[in-house]
Amino acid sequence: MVAQELRNLTARLSPSEYLTSEHPSFAKEVEPWSLDADLHPSLLVTPSTLASLQDVVQYLYKTQLDFAIRTTGTGSSSAKDVILSLKGFKEFSFDASSETVTLGAGLAWGEVDQLLEKYADGYAVVGARCPYVGVGGSTLVGGLSWLAHEYGLISDPQNMLDAHVVLNSGHAVWASSAPDLLWALRGGGGNFGVVTSFKLKAHRYTKSIFSGLLTIPYANLSRVSAVVANVAANNPDPKVAMHVFTMNGALGFQEIGGERDIGILVYDANGEEHARSEAGFKWALDMPGCVAQTGVMPLSQVHALALGTGENHGKRVAFMSAPLISDVDEEFLVRAWKWRTDSLKASAALAEDTFVLFEFMQENVFNSTRDRHATAWPHSGRKHVLQLGTGYSPSQASPELKRLALQRLLAAAEEVAGPGKATGEYLPNFFTEAHDIPAVFGENWGELRRVKGKYDPLNRFNKGTLIPPAKSENSTRL
Ligand SMILES: Cc1cc2nc3c(=O)[nH]c(=O)nc-3n(C[C@H](O)[C@H](O)[C@H](O)COP(=O)(O)OP(=O)(O)OC[C@H]3O[C@@H](n4cnc5c(N)ncnc54)[C@H](O)[C@@H]3O)c2cc1C
């Protein structure tokens with residue numbers, strides 16, 4: 001049955017629109033970020049026109065074939081049978097009068113940076129910070145950006161204005177004509193149809209951002225932890241942001257063992273003078289032993305600073321999680337580093353891939369919508385993000401090690417936030433099988449299941465953000 005359906009599928013496509021597993025570049029083209037997610041598909045389909053994509057989607061929906069939608073694979077998209085790649089959908093247009101851009105869902109954000117510089121010079125969009133992340137998957141899970149401190153999440157209504165979607169029937173619609181669909185795409189993930197493009201708000205933006213890496217010796221951890229708590233409480237400038245992280249292999253640094261130094265990626269869109277002042281990063285630049293590799297650069301170069309982490313794609317078993325934190329006290333980073341050390345004590349095999357990345361967030365990031373029902377993923381209040389990773393080399397993979405890696409990941413919120421201080425909230429960007437997805441969507445879960453039941457009653461779009469469809473009288477073969 002599967003073999004016949006695969007043959008039927010390829011018969012609908014031109015030879016340049018698919019690759020079989022025998023092709024030399026197949027493995028690279030379908031590789032997920034984390035090897036644990038690899039379901040070993042046998043066919044890669046890359047429709048090159050809307051008509052071809054529409055035909056593929058309506059056909060796949062009727063078959064038994066297991067399929068996954070893929071932009072870059074950074075979200076570890078994989079399937080047993082077919083990968084449906086959006087690589088053929090890389091359109092870009094800029095409308096200066098409305099200050100909006102239309103982006104093909106198959107673009108990576110690094111490509112968007114280049115297109116903006118070429119066709120919309122002086123503008124930026126609220127987009128992901130890593131150039132290798134796909135527009136498709138990241139926008140649909142809410143999406144974090146350096147610009148989020150000013151404008152909110154990528155998929156918030158003021159930023160993601162519309163999305164063009166191929167529904168299970170093959171019909172294509174702008175989601176603004178179906179408000180429940182547009183709502184679900186704002187943080188609810190990619191399981192309602194196949195998005196071909198997004199319309200996003202563009203903002204005039206500076207090209208003189210002070211950014212770069214500060215490396216501070218581990219011996220200063222307590223001091224950094226105390227100052228970061230003070231900054232979190234007292235710096236409300238939406239043009240100032242930072243990531244504070246353990247400098248280890250998973251984040252693109254050489255693995256040297258032992259306690260990890262403190263990396264700070266600084267970001268100040270007010271420019272260098274401000275960044276070097278008390279209102280910026282003087283506190284960090286003045287830390288004993290601080291090594292600064294900083295400069296003044298446009299947003300594209302800030303994004304390029306993250307290119308090193310992209311080297312991990314398809315090389316490791318990697319799990320990630322991002323609890324939201326509301327209370328950053330003076331011991332917060334000390335506990336975060338301890339969480340990592342304790343994880344390594346539980347198994348040395350976790351050393352290279354276990355990291356902590358604290359994302360200091362300004363007020364606007366999650367307080368960015370009218371109310372918690374305005375988008376599928378409910379968000380409100382001043383929160384910071386504690387991004388965490390665990391993982392190991394594929395050569396060491398075992399069920400026990402996986403259990404431990406997931407258990408350490410889920411234990412982190414309570415261990416790092418402090419007893420009773422975990423918010424229970426998580427970004428919807430990094431789900432593992434251990435996450436409680438209904439809890440992450442909280443009060444919007446019932447509505448999300450209802451919308452899912454309407455647009456995907458058979459649950460055939462079932463990768464990434466898993467949402468069981470509610471039974472719907474109104475289900476669509478629209
Ligand atoms: C190292 C790293 C850095 C990251 N940095 C950021 C960041 O700065 N900001 C941020 O917001 N997120 C970031 N993320 C998280 C990222 O948003 C998710 O991993 C996201 O799923 C990646 O999307 P993708 O399309 O590239 O991945 P893929 O693996 O290709 O897709 C993941 C899932 O997205 C859905 N999907 C993808 N394209 C479509 C489409 N066109 N239509 C419908 N569904 C689709 C599918 O369900 C698919 O299974 C990062 C992740 C990693 C691993």
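Residues numbered from 1 in each chain as written. Predicted model: local features only at pLDDT ≥ 70, side-chain atom pairs only at ≥ 80, totals over all residues. Heavy atoms only, no water.

The protein chain is annotated in an unreviewed UniProt entry as FAD-binding PCMH-type domain-containing protein of Cryomyces minteri. What the UniProt record of the protein chain gives under Sequence similarities (unreviewed entry) is the line "Belongs to the oxygen-dependent FAD-linked oxidoreductase family." (UniProt positions renumbered as here; feature names shortened; annotations may be inferred.)

Next up on the list: the site of the ligand. Around the ligand sit 33 residues in total, of which Thr 71, Thr 72, Gly 73, Gly 134 and Leu 144 are the nearest. In the model, an oxygen atom of the ligand is placed 2.7 Å from a nitrogen or oxygen of the Thr 71 main chain. Val 195 places a main-chain nitrogen or oxygen 2.9 Å from a nitrogen atom of the ligand. If the ligand stood free it would expose 950 Å²; the protein chains cover 95% of that surface. The greatest single-element share of the shell around the ligand, amounting to 4 residues, is contributed by helix H5 (residues 135–140). (Near = heavy atom within 4 Å. Polar contact = N/O pair within 3.5 Å; in protein donor to acceptor, adjacent residues only side chain to side chain. Areas by Shrake-Rupley, 256 points an atom, 1.4 Å probe, with all protein chains shown as cover. Helix = DSSP H or I, 4+ residues; strand = E, 2+ residues; numbered from the N terminus.)

Counted according to the given criterion, the structure contains 1 cavity of 30 Å³ or more. Quantified by volume, the largest cavity comes out at close to 40 Å³. Of all the secondary structure elements, the ones that give two or more residues to the lining of the largest cavity are helix H4 (109–119), strand S7 (123–125) and helix H11 (299–304). Top element by residues in the lining of the largest cavity is H4. It accounts for 3 residues. Here the residues of the lining of the largest cavity sort into 6 nonpolar, 2 polar and 1 charged. (1 Å grid on protein atoms, 1.4 Å probe; cavity = no way out; pocket = protein on both sides within 12 Å on 5 of 7 lines; lining within 4 Å. Points joined across faces, edges and corners; volume = space filled by probe spheres on them. Nonpolar A, V, L, I, M, F, W, Y, C, P; charged D, E, K, R; others polar.)

Let us now look at H4. Turning to H4, its buried residues are Trp 109, Gly 110, Val 112, Asp 113 and Leu 116. Buried residues in H4, looked at end-on, bunch into an arc of 155°, giving them a common side. For H4, exposure combined with an orientation more than 90 degrees from the buried face picks out Gln 114 and Lys 118. Buried residues along H4 sit against strand S5 (92–95), strand S6 (100–104), S7, H5, strand S10 (194–204) and H11. (Buried < 20%, exposed > 50% of the residue type's maximum accessible area, 1.4 Å probe, protein only. Arc of directions from axis to C-beta. Contact = heavy atoms within 4.5 Å.)

Moving on to the pattern of salt bridges. Tallied over the entire structure, the rule returns 29 salt bridges. The partner of Arg 450 in a salt bridge is Asp 180, with the nearest N and O atoms 4.0 Å apart. With a gap of 270 residues between them, Arg 450 in helix H15 (residues 445–455) and Asp 180 in helix H7 (residues 179–185) connect regions that are remote in the sequence. The exposure class of Arg 450 is partly exposed, given its relative accessible area of 36%. In this structure Asp 180 comes out as buried when scored by relative accessible area, which is 15%. Between Lys 421 and Asp 327 there is a salt bridge whose closest N-O contact spans 3.3 Å. Placement of the pair is Lys 421 in the loop between helix H13 (399–417) and helix H14 (437–441) and Asp 327 in the loop between strand S16 (324–325) and helix H12 (332–346), with a sequence separation of 94 residues. Residue Lys 421 is classed as partly exposed on the basis of its relative accessible area, which comes to 34%. When salt bridges that share partners are traced, they join Asp 180, Glu 447, Arg 450 and Lys 454 into one network. (Salt bridge = Lys/Arg side-chain N within 4 Å of Asp/Glu carboxyl O.)

Taken together, the 4 strands give an open sheet; going across it, the order is S1-S2-S4-S3, and neighbouring strands pair in mixed fashion. Unpaired on one side and paired on the other, strand S1 (18–20) and strand S3 (67–70) mark the two borders of the sheet. The sheet shows a mean angle of 20° between the axes of neighbouring strands, direction not considered. The pairing of S1 with strand S2 (residues 43–45) spans 3 bridges and is antiparallel. The partner of Tyr 18 across the bridge, within S2, is Val 45. Running over the sheet, helix H1 (residues 2–11) touches S1, S2 and strand S4 (82–85) and is turned about 30° from S2. Sheet contacts for helix H3 (residues 50–62): S2, S3 and S4; angle to S4, the most-contacted strand, approximately 150°. (Pairing = 2+ DSSP bridges. Axes fitted to C-alpha atoms, helices over the stretch in contact; angles between N-to-C directions.)

As a further point, take the environment of Leu 305. Tracing the backbone shows Leu 305 in the loop between H11 and strand S15 (317–321). Judged by its relative accessible area of 41%, Leu 305 is partly exposed. For the pair Leu 305 and Ser 380, spaced 75 residues apart in the sequence, the C-alpha separation amounts to 29 Å.

Before going further, it helps to spend a moment on the packing of H12 against H13. With their axes 9 Å apart at the nearest point, H12 and H13 run at an angle of 155° to one another. The orientation of H12 with respect to H13, classified from their angle, is roughly antiparallel. For H12 against H13, the interelement crossing comes out right-handed. Contacts between H12 and H13 pair Phe 332, Arg 335, Ala 336, Trp 339, Asp 342, Ser 343 and Ala 346 from the former with Leu 404, Arg 408, Leu 409, Ala 412, Glu 415, Val 416 and Ala 417 from the latter. Of the residues assigned to the contact of H12 with H13, the class counts are 9 nonpolar, 1 polar and 4 charged. (Parallel < 35°, antiparallel > 145°, perpendicular 65-115°, else oblique. Left-handed = near helix turned anticlockwise from the far one by under 90°.)

The next point concerns the UniProt feature "domain: FAD-binding PCMH-type" (unreviewed entry) in the protein chain. Per the UniProt record, "domain: FAD-binding PCMH-type" (unreviewed entry) is annotated on residues 37–205. For residues 37–205, the helix share is 24%, the strand share is 26%, and the end-to-end C-alpha distance is 38 Å.

As a volume, the second largest pocket reaches approximately 420 Å³. Surrounding the second largest pocket, 21 residues form its lining, Arg 70, Thr 71, Thr 72, Tyr 132 and His 313 being those nearest its centre. Only helix H2 (26–30) and H4 provide two or more residues apiece to the lining of the second largest pocket. Split into classes, the residues belonging to the lining of the second largest pocket amount to 4 nonpolar, 8 polar and 9 charged.

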